[in-house]
Amino acid sequence: MGQEQLINGCKNGDRKAQRDLYDRYANTLFACCLKYAPSYQEAQDILQDSFITIFKKVGQYNHKGSFEGWCKRIAITTALQRYRSTAVYPLENNHQVEEVELTELEEQSIGLQDLLAMVQQLPDQYRMVFSMYVLDGYSHKEIAKMMKISTGTSKSNLSRARLKLQEMINSWRIANTSDAS
């Protein structure tokens, strides 16, 4: 079944089309959800909520841009909504936070699973901004609008996320260097 047929089937409430659409996009969207969730179970919940929204709003897809991108946007929005009500975002900070760059991951031999686990350990607001900016390519202006924070807070949260990740990477390196000895 082609994508257009799947979309039309979902618009009409066809369960087989919904199942096929889920099978086609679940892995991609789950990977997206993992970037925003603090745990595997939370990512599963976000994925489920995302598909509920996708099936409800599939009639609103206007065929501008990719359907997969539209679905990812719903997954990201679902994750943000999940944490928006419980998250306490730091007040805007006028202090200049030094930009911290992550060192080359290849040199440190950190696996993707280890890095993802570190990202998931970040406080909600840092994880959200880091994932949106670094992993999904949103600008600070877009992040600020989606999260209802200022661009300065977005930049500050990104810098703090990078700093925390750098600390986690350093700890990981020390632990793995000790294990190798």
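Keep in mind that this is a model prediction, so the values were computed, not measured.

S.K.: Lay out unusual backbone geometry with the relevant residues and their values.
M.R.: We note that His 63 has phi near 65 degrees; this positive angle belongs to a residue other than glycine. Mapped onto the elements, His 63 comes out in the loop between helix H3 (40–57) and helix H4 (67–84). Notably, Lys 148 is not glycine yet its phi reads approximately 60 degrees, a positive angle. Here Lys 148 is to be found in the loop between helix H8 (140–147) and helix H9 (151–180).

S.K.: Tell me about the packing of aromatic side chains, residues and numbers included.
M.R.: Following the criterion strictly, the structure yields seven aromatic pairs and no others. Aromatic side chains Tyr 61 and Phe 67 sit 5.0 Å apart centroid to centroid with 80 degrees between the ring planes, which places their arrangement in the edge-to-face category. Both residues of the pair, Tyr 61 and Phe 67, belong to the buried class. Arranged with centres 5.5 Å apart and planes meeting at 25 degrees, the rings of Phe 67 and Trp 70 form a pair that is stacked. One end of the pair is Phe 67 and the other is Trp 70, both in helix H4 and three residues apart, which spans about a single turn. Judged by its relative accessible area of 1%, Phe 67 falls in the buried class. Among the aromatic residues, those joined into a cluster by ring pairs are Tyr 25, Tyr 61, Phe 67 and Trp 70.

S.K.: Outline the pattern of salt bridges, listing residues and values.
M.R.: Here the structure, examined in full by the defined rule, presents eight salt bridges. Across the salt bridge formed by Arg 19 and Asp 23, the nearest N and O atoms sit 3.3 Å from each other. Of this pair, Arg 19 and Asp 23 both sit in helix H2 (residues 15–36), four residues apart, which is roughly one turn of that helix. Accessibility expressed as a relative area gives 49% for Arg 19, which makes it partly exposed. Classification of Asp 23 as partly exposed rests on a relative accessible area of 45%. For Asp 49, the salt bridge identified is with Arg 82, shortest N-O distance 3.2 Å. Linking Asp 49 in helix H3 with Arg 82 in helix H4, this pair joins segments that are 33 residues apart in sequence. Arg 82 gets classed as partly exposed once you look at its relative accessible area, which sits at 27%.

S.K.: I'd like a rundown of the confidence of the model for the protein, residues and numbers included.
M.R.: Caution applies to low-pLDDT parts of the model: their predicted coordinates are not meant to be read in detail. Counting all residues, the mean pLDDT for the protein is 84, and 84% of those residues have values of 70 or more. Predicted confidence in the protein is weakest over helix H5 (residues 105–108), with a mean pLDDT of 42, and strongest over H3, with 95. Across residues 88–108 the pLDDT falls below 50, and counting only partners more than four positions away or on other chains, this stretch makes 39 contacts in the model.

Definitions and cut-offs
Residues numbered from 1 in each chain as written. Predicted model: local features only at pLDDT ≥ 70, side-chain atom pairs only at ≥ 80, totals over all residues. Heavy atoms only, no water. Helix = DSSP H or I, 4+ residues; strand = E, 2+ residues; numbered from the N terminus. Phe/Tyr/Trp six-rings, centres within 6.5 Å; stacked < 30°, edge-to-face > 60°. Buried < 20%, exposed > 50% of the residue type's maximum accessible area, 1.4 Å probe, protein only. Salt bridge = Lys/Arg side-chain N within 4 Å of Asp/Glu carboxyl O. pLDDT = per-residue confidence, 0-100. Contact = heavy atoms within 4.5 Å.

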